Amino acid sequence: GDLDKVVNLLLSLSGRLARVETALGSLGPHAPAEDKLALREKKQLLVAQLEDAKELKEHVGRREEAVGAMVARYLPAEHLQDYQHFVKMKSALIAEQRELEEKIKLGQEQLRCLRESL
């Protein structure tokens, strides 16, 4: 459960940071200074939060290793490999699910814009 939450947090913060960077890059030279400042402050906050989330992921990783060592004492080798594969694939699948959800959201937004333009 913690792994799910941390991976989702990392993906969410990364996505938000990317959107802020895109918004900063799209501001023209005549954009109000307060808009630029607000976006820069938001970017700094997101970068700090992303670093904190990475540290949290490292902590969860260390805890995962400790749990894995305990599980290894009680599971036969075949089941241990299944467990390790499950843990490894879980975060990859969470990331893939999040990416697909973002693509669906983008597609729906594009479809809405196309309908409005017709």
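The rules we used
- Residues numbered from 1 in each chain as written.
- Predicted model: local features only at pLDDT ≥ 70, side-chain atom pairs only at ≥ 80, totals over all residues.
- Heavy atoms only, no water.
- UniProt positions renumbered as here; feature names shortened; annotations may be inferred.
- Axes fitted to C-alpha atoms, helices over the stretch in contact; angles between N-to-C directions.
- Helix = DSSP H or I, 4+ residues; strand = E, 2+ residues; numbered from the N terminus.
- Parallel < 35°, antiparallel > 145°, perpendicular 65-115°, else oblique.
- Left-handed = near helix turned anticlockwise from the far one by under 90°.
- Contact = heavy atoms within 4.5 Å.
- Nonpolar A, V, L, I, M, F, W, Y, C, P; charged D, E, K, R; others polar.
- Expected span 1.5 Å × (residues − 1).
- Buried < 20%, exposed > 50% of the residue type's maximum accessible area, 1.4 Å probe, protein only.
- Core = buried A, V, L, I, M, F, W, Y, C linked by side-chain atoms within 4.5 Å.

By the naming in an unreviewed UniProt entry, the protein chain goes by SHRM4 protein and is assigned to Machaerirhynchus nigripectus. Its UniProt record, at the heading Subcellular location (unreviewed entry), says of the protein chain: "Cytoplasm, Cytoskeleton".

A. Geometry of the packing of helix α2 (residues 33–74) against helix α3 (residues 77–117). One way to put it is that α2 packs onto α3 with a least axis distance of 10 Å and a crossing angle of 165°. When the axis of α2 is compared with that of α3, the two are roughly antiparallel. You can see that α2 and α3 cross each other, and the crossing is right-handed. Across the interface between the two elements, Glu 64, Val 67, Gly 68, Val 71 and Ala 72 of α2 pack against Leu 80, Tyr 83 and Val 87 of α3. Class assignment for the residues of the contact of α2 with α3 results in six nonpolar, one polar and one charged.

B. Broad picture of α3. In this model, α3 (41 residues) spans 60 Å end to end at C-alpha, consistent with the 60 Å of a helix rising 1.5 Å per residue. Considered for burial, the residues of α3 that qualify are Leu 80, Val 87, Ile 94 and Arg 98. Buried residues in α3 make contact with α1 (2–26) and α2.

C. The UniProt feature "coiled-coil region" (unreviewed entry) in the protein chain, seen in detail. In this numbering, the UniProt entry assigns the feature "coiled-coil region" (unreviewed entry) to residues 90–117. Span residues 90–117 is 100% helix and 0% strand, its end C-alpha atoms 41 Å apart.

D. Structural context of α1. With 25 residues, α1 ought to run about 36 Å at 1.5 Å a step, and its terminal C-alpha atoms sit 36 Å apart, in line with that. All buried positions along α1 are accounted for by Leu 3, Val 6, Val 7, Leu 10, Leu 13, Leu 17 and Val 20. Summarising the contacts, the buried residues of α1 are in contact with α2 and α3.

E. Expanded view of the nonpolar core. Judged by nonpolar contacts, the single largest core of 13 residues is most densely connected at Leu 10, Leu 13, Leu 46 and Leu 50. Sorting the residues of this core by element identifies α1 and α2 as the ones contributing at least two each. With seven residues, the top contributor of residues to this core is α1. Once residues lying within four places of it in the same chain are set aside, the contact partners of Leu 10 are Leu 50, Ala 53, Lys 54 and Lys 57.

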